[in-house]
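Okay, here's what each chain looks like letter by letter:
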Amino acid sequence: GAGVSQSPSNKVTEKGKDVELRCDPISGHTALYWYRQSLGQGLEFLIYFQGNSAPDKSGLPSDRFSAERTGGSVSTLTIQRTQQEDSAVYLCASSVGLAKNNEQFFGPGTRLTVL
Amino acid sequence: GDSVTQMEGPVTLSEEAFLTINCTYTATGYPSLFWYVQYPGEGLQLLLKATKADDKGSNKGFEATYRKETTSFHLEKGSVQVSDSAVYFCALNTGNQFYFGTGTSLTVIP
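**Here we look at the overall build of chain A**
What chain A contains, in helices and strands, is zero helices and 10 strands. Along chain A, from the amino end to the carboxyl end, the secondary structure elements read β-β-β-β-β-β-β-β-β-β. Taken against the 2.2 N^0.38 rule, which gives 13 Å for 115 residues, the C-alpha radius of gyration of chain A at 13 Å falls within 12% of a compact globule. The dimensions of chain A, computed from C-alpha atoms along their principal axes, are 40 × 30 × 25 Å.

Now the structure itself:
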């Protein structure tokens, strides 16, 4: 029954390594969003998908960040050559569509720590 | 560009006190407005929303009214409880994107 799930829940990695974060949205939700939440900060929007398409990638912090979505369902956020400033909680959310009345349903997040 | 500005915290109140968390927005279109809450150790969840001017969203004793003339969506509760301790986020949805405020941490002491 599910809500939005994310894996892993925690990830510790060494600087310079690549990481992949996964999001499983609620079944049937066509819109999917990625955010980053740093300690003491609000939510920083990264990217959204409508279906498998990401119309606006301008929120990604650098070209080390990329995201994809396949089959209109699972999405992965990949961070290459991680840096310490990438340490944060990465949140995924989904909604039934892009209509502005729709609420977002959030996953529990992946806490990324880059040593 | 579109944005949300909310009152900085942290806010500490005694139980049964009145709560106001201010939120103002800037939007070129006519967005929907939301308050999300993040309880300690939990994910964000919707608290309430309003989709047009003068709409009042309400849930769990919290209320917020969509004020187009002042571009505001302030969150209020008449009598807070210890269980209301959480971080509260104001947000707007333009249809293309969600914009979140930076969050306001609320601690309610007995």
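**Thoughts on the pairing of strand E6 (residues 65-69) of chain A**
Residues and elements named next belong to chain A. Here E6 shows one buried face, formed by Phe-65, Ala-67 and Arg-69, and one open face, formed by Ser-66 and Glu-68. Both E6 and strand E7 (residues 75-79) contribute to a ladder of five bridges, which runs antiparallel. Counterpart to Glu-68 in the pairing with E7 is Thr-76. Hairpin connection between E6 and E7: a loop of five residues separates the two successive antiparallel strands, and Gly-71 in this loop has a positive phi of roughly 60°.

**Here we look at the side chain of A:Thr76**
Along the chain, A:Thr76 turns up in strand E7. In contact with A:Thr76, not counting residues within four places along its chain, are A:Glu20, A:Leu21, A:Arg22, A:Trp34, A:Ser66, A:Ala67 and A:Glu68.

**Here we look at the interface of chain B and chain A**
Taken together, the 21 residues of chain B in the interface contact 19 residues of chain A. Summed over both sides, the interface between chain B and chain A buries roughly 1600 Å², with carbon and sulfur atoms accounting for 51% of that surface. Remark: the boundary between chain B and chain A carries zero salt bridges. Counting across the interface, chain B meets chain A through nine residue pairs in polar contact (both at pLDDT 80 or more). Within the residue set of the side of chain B that touches chain A, elements represented by two or more residues are strand E5 (32-38), strand E6 (44-50), strand E10 (86-93) and strand E11 (98-100) of chain B. Considering each element in turn, the side of chain B that touches chain A owes the most residues, four residues, to E5(B).

**Here's the deal with the sheet that holds E6(A)**
Residues and elements named next belong to chain A. Read across the sheet, four strands follow the order E1-E3-E7-E6 without closing on themselves; strand pairing throughout is antiparallel. Bordering the open sheet on either side are strand E1 (5-7) and E6, each of which pairs with just one other strand. Put simply, the sheet's adjacent strands are angled 15° from each other on average, direction ignored. Pairing between E1 and strand E3 (residues 19-24): three bridges, direction antiparallel. Paired with Ser-7 across the bridge in E3 is Arg-22.

**Section: the state of the cysteines**
In the structure shown here, the tally under the stated rule is two disulfides over all chains. Between the sulfur atoms of A:Cys23 and its disulfide partner A:Cys92 the distance amounts to 1.9 Å. Here the disulfide of A:Cys23 and A:Cys92 is left-handed, its torsion about the S-S bond being about -65°. Of this pair, A:Cys23 sits in strand E3 while A:Cys92 sits in strand E8 (residues 88-95); the two residues are 69 residues apart in sequence, bridging distant segments of the chain. Here A:Cys92 falls in the buried class, since its relative accessible area comes to 0%. The disulfide partner of B:Cys23 is B:Cys90, and the S-S distance across this bridge is 1.9 Å. A torsion of -65° about the S-S bond marks the disulfide between B:Cys23 and B:Cys90 as left-handed. In this pair, B:Cys23 is assigned in strand E4 (residues 23-26) and B:Cys90 in strand E10, connecting sequence segments 67 residues apart.

Basis of the calculations
Here the residue index of a chain counts from 1 through its sequence in written order. Key to labels: chains lettered from A, ligands numbered from 1, both in the order written. Restriction of local features to residues with pLDDT of at least 70 applies here, the model being predicted, together with a cutoff of 80 or more for giving and counting side-chain atom pairs; totals for whole chains, interfaces and linings are based on all residues. Side-chain calculation: all heavy atoms of the structure are included, whereas hydrogens and water are not. For the purposes of this entry, the term helix denotes a DSSP run of H or I that reaches at least four residues, the term strand denotes a run of E that reaches at least two, and both are numbered from the N terminus. In this description the radius of gyration comes from C-alpha coordinates, and the expected globular size is given by 2.2 Å times residues to the power 0.38. Only protein chains enter the accessibility calculation, which uses a 1.4 Å probe; a residue is then buried when its area is under 20% of its type maximum, exposed when over 50%, and partly exposed in between. Strand pairing requires that DSSP identify at least two bridges connecting the strands. Contacts are residue-level and defined by heavy atoms, with any inter-residue pair within 4.5 Å sufficient. As used here, buried area is the combined drop in accessible area, with a 1.4 Å probe, of two parts when they are placed together. Here, a salt bridge means any side-chain nitrogen of Lys or Arg that lies within 4 Å of a carboxyl oxygen of Asp or Glu. Two N or O atoms form a polar contact when they lie within 3.5 Å of each other; inside protein one atom must be a possible hydrogen donor and the other a possible acceptor, and for residues adjacent in sequence the pair counts only when both atoms belong to side chains. For helices, the fitted line uses only the C-alpha atoms of the stretch in contact; every axis is such a line through C-alpha atoms, and the angle between N-to-C directions lies from 0 to 180 degrees. Working definition: a disulfide is two cysteine sulfur atoms within 2.5 Å of each other.

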